[in-house]
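Architecture and fold: a report
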Amino acid sequence: MSLKNVQKAYEKVGTDDPLWAILTDDKKRGNKWDPEEFFETGRKEINSVIAYLESIDVEINYGNAFDFGCGVGRLTQGLCYHFDQVTGVDISNTMIAGAIAYNKFGENCTYITNTEPNLKCLNSNTFDFIYTNIVLQHMAPRYQVEYIKEFFRILKPGGKALFQVRTPKGSSPKPGSLAEKMYNFKMERLKPFWKTVRGRPPIQIHTISPHIVEQVIKECGATLLDVKGVDKRVHTWYKNLRYCAMKRR
């Protein structure tokens, strides 16, 4: 799925049912999320993230934080309870419009639309902390790699990135191989098409090899601090991993 198709899918759900699109729950589908309840889940998630970092003795400078794939600001606002300044970026204009409308933190919370396969809209060495959850998995591995590289560019020296990816339990197609081309066609073309036929948003889920993620972290000159499985139940063909890494000083 190209980034233009990702954007198109999220522009639609951002108009039709934005809170459910961000935090899917069958009982909440059809604009049934109560906004206060919805944003409280973000505050609780960030509180648990801070507790996790403290548990592994990772020190955080609570200056500038970055929320990648912010949607309407569920986690961005959660970060605002801890950090002086928080920036949220999303690919969807409708999601960003919703984030601005829901914003309760004034100028301490900034939202930006970015449709590029990079984060050139942000300066290098800007953020003390980067967090993203259930976002990278919605784009092809080649885009995941580029954004992870950008995380370490925009982090300040000594800054920490905490990001989740979905990884396959089996082997991944070799980059440039026919198997990879077939995988891309299936995940970026066929599955979105059949989702549309069934009346569902053409939002896809992609996996990426842990080896690739760890290689990117190494190539960026960052230090891997921790890797944690974050699945609440066992899945047959994938597992969710959360990486914590530091940009070296």
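Residues numbered from 1 in each chain as written. Predicted model: local features only at pLDDT ≥ 70, side-chain atom pairs only at ≥ 80, totals over all residues. Heavy atoms only, no water.

**Let's talk about the packing of aromatic side chains**
Note the following rule: Any two of the Phe, Tyr and Trp rings considered here, Trp counted by its six-membered ring, make a pair once their centres fall within 6.5 Å; the pair's planes then place it as stacked at under 30 degrees, edge-to-face at over 60, or tilted in between. Numbering goes from the N terminus for both helices and strands, where a helix is a DSSP run of H or I of at least four residues and a strand is a run of E of at least two. Remark: exposure states derive from per-residue accessible area (1.4 Å probe, protein chains only) relative to the maximum for the residue type, with buried under 20%, exposed over 50%, and partly exposed in between. Note on criteria: charge over ring means Lys NZ or Arg CZ within 6 Å of the ring centre, with the direction from the centre no more than 35 degrees off the ring normal.
Applying the stated criterion across every chain, the model contains 14 aromatic pairs. Both rings, one in Y81 and one in F105, keep their centres 5.2 Å apart while their planes meet at 85°; by these two values the pair is edge-to-face. Of this pair, Y81 sits in the loop between α4 (74-80) and β2 (85-90) while F105 sits in the loop between α5 (93-102) and β3 (109-113), and the two are 24 residues apart along the sequence. On the accessibility criterion, Y81 (47% relative accessible area) is partly exposed. Three or more aromatic residues joined by ring pairs form one cluster here, namely F66, F68, F127, Y147, F151, F163 and Y243. Its end group placed over the ring of W33, K28 keeps NZ or CZ at 5.0 Å from the ring centre. The aromatic ring of Y52 is capped on one face by R242, whose charged end is 4.4 Å from the ring centroid.

**Describing the state of the cysteines**
Just so we agree on the cut-off: Counting rule for disulfides: a pair of cysteine sulfur atoms within 2.5 Å.
According to the stated counting rule, one finds zero disulfides in the structure shown. A disulfide-free cysteine, C80 has its sulfur positioned 3.8 Å from the sulfur of C109, the nearest such atom. Since its relative accessible area comes to 11%, C80 is described here as buried.

**What about the nonpolar core?**
Spelled out, the test is: We call a set of buried residues a nonpolar core when its members are Ala, Val, Leu, Ile, Met, Phe, Trp, Tyr or Cys and they connect through side-chain atoms within 4.5 Å of each other. Whether two residues are in contact is decided by their heavy atoms: any pair within 4.5 Å suffices.
Among the nonpolar cores identified, the biggest contains 46 residues, and F66, F68, L119, L136, F151, F152 and F163 are the most heavily contacted of them. By residue number, the principal contributor to this core is helix α6 (residues 141-154), which donates seven residues. Filtering out sequence-adjacent residues up to four positions away, L119 remains in contact with F66, F68, V89, N114, Y147, E150, F151, R153 and I154. In this structure, Y52, I60, L75 and C80 belong to the second largest nonpolar core, which totals 22 residues.

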